[in-house]
Amino acid sequence: MDEKDRILLHLLEENCRTPITELAVLAEMSEQDVKDRITWLESTGVIRHYGAVIDWERAGDGNVTSVIDLKVSPERDFGYDRIAERIARFPQVRSLRLITGVYDLQLLVTGSSMHEIARFVAEEIAPMDRIRETATHITMKTYKENGTTFAEREEVERLPYSF
Amino acid sequence: MRCFVSERASAIPPSGIRKFFDIAQTIDDVISLGVGEPDFVTPWCICEAAIYSIEQGSTAYTSNKGTPQLRGAISHYLDARFGTAYDPEEEIIVTCGVSEAADIAIRAVVDPGDEVLVAEPCYVSYIPCVTLAGGTPVPVPCRAEDEFRMAADAIAEKITPRTKILIANFPNNPTGGVMGESDWRAIADLLVDNDLLLISDEVYAELTYEGDHFSPARIPEIRDRTITLNGFSKAFAMTGWRIGYLCAPQEITAAALKIHQYVALCAPVMGQVAAYEALRIGNEEKDAMVREYRLRRNLFVDGLNKLGLSCHLPKGAFYAFPSVESTGMSDTEFAEALLREQHVAVVPGSVLGPSGAGHVRCAYAVSRDDLKEALSRMGAFLESHILSEQVSQN
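Residues numbered from 1 in each chain as written. Chains lettered and ligands numbered in written order. Predicted model: local features only at pLDDT ≥ 70, side-chain atom pairs only at ≥ 80, totals over all residues.

Participant: Give me the interface of chain A and chain B: which residues, what numbers.
Facilitator: Facing the nine residues of chain A at the interface are 18 residues of chain B. For the side of chain A that touches chain B, a count of residues per class yields six nonpolar, one polar and two charged. (Contact = placed C-beta atoms within 7 Å. Nonpolar A, V, L, I, M, F, W, Y, C, P; charged D, E, K, R; others polar.)

Participant: Quick one: what's the story with the sheet that holds strand E6 (residues 197-201) of chain B, residue by residue and with numbers?
Facilitator: Whether parallel or antiparallel, the strands of a sheet pair through hydrogen bonds between backbone atoms. Residues and elements named next belong to chain B. The mixed open sheet is built from seven strands, whose spatial order is E2-E8-E7-E6-E5-E3-E4. The open sheet has two edge strands with one neighbour each: strand E2 (92-95) and strand E4 (136-141). Going across the sheet, the axis of each strand differs from the next one's by a mean of 20°, ignoring polarity. Where strand E7 (residues 226-231) lies against strand E8 (residues 244-247), four bridges are found, and the strand directions are antiparallel. Bridging from a neighbouring strand, Gly231 pairs with Gly244 of E8. Here helix H4 (residues 68-82) sits on the sheet and contacts E2 and E8; the angle it forms with E2, its principal contact strand, is near 115°. (Pairing = 2+ DSSP bridges. Helix = DSSP H or I, 4+ residues; strand = E, 2+ residues; numbered from the N terminus. Axes fitted to C-alpha atoms, helices over the stretch in contact; angles between N-to-C directions.)

Participant: Talk me through the domain arrangement of chain B; I want residue IDs and the actual numbers.
Facilitator: Residue and element names in this part refer to chain B. According to the domain assignment, chain B contains domain 1 (7-42 + 284-384) and domain 2 (45-281). Just the C-alpha atoms count here: the centres of domain 1 and domain 2 sit 25 Å apart. Broken down by secondary-structure element, the contributors of at least two residues to the side of domain 1 that touches domain 2 are helix H1 (7-11), helix H12 (283-307) and strand E9 (319-320). Looking at which element gives the most residues to the side of domain 1 that touches domain 2, the answer is H12, with six residues. (Domains from an automatic or database assignment.)

Participant: Residue-level account of the nonpolar core, with values.
Facilitator: With 121 residues, the main nonpolar core has Ala105(B), Val118(B), Ile167(B), Leu246(B) and Tyr364(B) as its most contacted residues. Of the residues forming this core, the biggest block, eight residues, is contributed by helix H5 (residues 97-109) of chain B. Look past the residues within four positions of Ala105(B) in its chain and what remains in contact with it is Ile199(B), Ile227(B), Leu229(B), Leu246(B) and Ala256(B). Grouped together as the second largest cluster of nonpolar side chains are 15 residues, Ala84(A), Leu96(A), Val109(A) and Phe120(A) included. (Core = buried A, V, L, I, M, F, W, Y, C linked by C-beta atoms within 7 Å. Buried ≥ 20, exposed ≤ 12 C-beta atoms within 10 Å, placed from the backbone.)

Participant: Before we move on, can you summarise the domain arrangement of chain A with the specific residues and values?
Facilitator: Domain annotation for chain A reports domain 1 (3-43) and domain 2 (57-138). Using C-alpha coordinates to define each centre, domain 1 of chain A is positioned 40 Å away from domain 2 of chain A.

Participant: Describe unusual backbone geometry, naming the residues involved and giving the relevant values.
Facilitator: Residues and elements named next belong to chain B. With an omega dihedral of -5°, the bond running from Phe170 to Pro171 counts as a cis peptide bond. In this chain, Asn173 is followed by Pro174 through a cis amide linkage whose omega measures 20°. Locating Pro174 in the fold gives a position in the loop between strand E5 (163-169) and helix H8 (181-193). For Glu147, which is not glycine, the phi dihedral falls at a positive 55°. If you trace the backbone, Glu147 turns up in the loop between E4 and helix H7 (152-158). Although it is not a glycine, Leu265 sits at a positive phi angle of roughly 65°. Inspection of the secondary structure assignment puts Leu265 in the loop between helix H10 (250-263) and helix H11 (269-281).

Participant: Give me H11(B): which residues, what numbers.
Facilitator: Residue and element names in this part refer to chain B. Under the 1.5 Å per step criterion, the end-to-end length of H11 is 18 Å for 13 residues, consistent within 8% with the ideal 18 Å. Those residues of H11 that sit buried are Gly271, Gln272, Val273, Ala274, Ala275, Tyr276, Glu277, Ala278 and Leu279. On the buried face of H11, the contacting elements are helix H3 (44-55), H4 and E2. (Expected span 1.5 Å × (residues − 1).)

What follows is the structure in structure tokens.
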């Protein structure tokens with residue numbers, strides 16, 4: 001394994017359907033070299049198999065989903081908005097709402113396993129400043145899902161020219 | 001009423017791409033290879049630290065030369081990364097981007113009548129800064145056949161008894177050219193023999209793809225006649241934070257600091273906090289960005305050469321600088337027609353110095369998908385022009 005192999009692996013992991021010709025240009029080697037290296041990486045089991053990344057929710061199946069309720073101390077002038085903005089940045093958080101009642105914020109979190117979700121709550125959410133209490137509810141069956149993202153940020157516009 | 005604009009300000013020519021800006025404004029689907037900044041957003045760990053510091057109330061002026069933490073971190077970084085040692089107390093000033101660093105460096109050392117050699121093609125600010133300081137800029141060409149390195153004979157040719165300073169920027173914007181140790185040693189001899197000062201803008205130092213960046217201040221004979229400029233914009237995708245720095249021997253640093261304290265007072269504190277964090281924990285994300293630029297470079301330069309726009313493989317920065325001479329168009333005509341017809345924005349090389357004529361600057365700081373789309377549009381552009389040329393010849 002050398003640096004060239006690593007580059008190939010990263011490129012294949014990103015898109016295993018990238019043509020050999022393009023891999024050769026990107027990784028600065030000949031096409032034959034690319035083929036030889038891939039054959040070697042396959043035969044030694046470094047490349048286990050080629051697969052697609054599937055959005056199973058879109059396909060009709062689901063991941064493990066849970067609803068997490070948070071008690072939050074609001075900030076002067078900003079209320080819950082800024083802490084909500086921070087939480088919303090985590091890709092695991094599918095939706096985020098401010099709610100009435102005992103708790104303040106409600107998150108919908110998805111993960112590949114119970115363990116992953118538990119770790120996310122324990123390591124990322126619970127220790128944040130201003131979070132006073134958390135309550136995690138594992139989804140047993142999903143009846144309706146609102147798949148749209150709420151906190152879509154506007155793309156930052158770059159100048160067409162700069163030096 | 002008389003005209004209140006100073007002669008010095010009037011003497012600065014208007015931007016060479018104003019017209020292109022206006023055209024681009026009217027088009028929706030421009031793929032811009034005209035930007036001199038990373039397309040990445042500043043790594044979140046850096047942003048988060050700056051946000052936290054603001055929340056903690058860190059909003060006041062800092063020491064003129066920058067926070068002691070940041071200067072200490074810069075000193076350590078330069079030593080560990082490039083082998084150049086600067087005292088954080090006496091030899092480093094944190095500035096509002098490298099733009100300010102270049103300005104105060106030039107003003108600290110240029111007297112009216114001094115001749116200042118400027119290796120070109122180059123970033124657009126050096127020459128106006130020299131002019132504003134009352135100096136006389138003298139362009140020194142870097143040639144395509146030398147892979148746009150700076151050649152000692154080209155410099156020697158321009159040296160007169162009034163020559164005082166050489167300004168160079170490697171890895172280079174716009175050519176992607178780099179200077180290795182042996183290249184710099186040849187220049188170092190010239191600097192010593194003619195008692196010249198070097199201003200070395202190394203803002204693209206981290207974006208070096210073959211071998212390591214060589215910082216000329218590493219050569220002991222010229223260490224004390226070198227002002228090193230660097231910053232966070234390119235390496236850490238932090239253009240909007242405006243944090244750069246100037247490193248020089250104590251005497252020059254003290255002079256530059258006097259100017260800095262009156263024009264800027266200090267660099268923005270939140271930017272300084274972010275920059276400190278970049279040096280502390282931003283390395284991994286920086287390396288990932290550099291790896292991606294290298295892939296993009298390979299993809300794009302290969303594509304240009306296949307289209308017949310001959311382009312040397314740039315060893316640094318994130319610019320490809322192909323020749324457009326094969327099209328029969330000037331660089332300005334090419335850039336304007338490409339923008340109007342295929343909606344791809346590039347910068348004509350002549351805007352960046354006389355030696356840039358016949359080339360265009362293409363920043364590959366855009367996604368690989370956009371680069372592929374840009375290449376296919378450029379292919380269509382070349383095809384339509386070659387065809388129309390053949391028709392007109394018949």
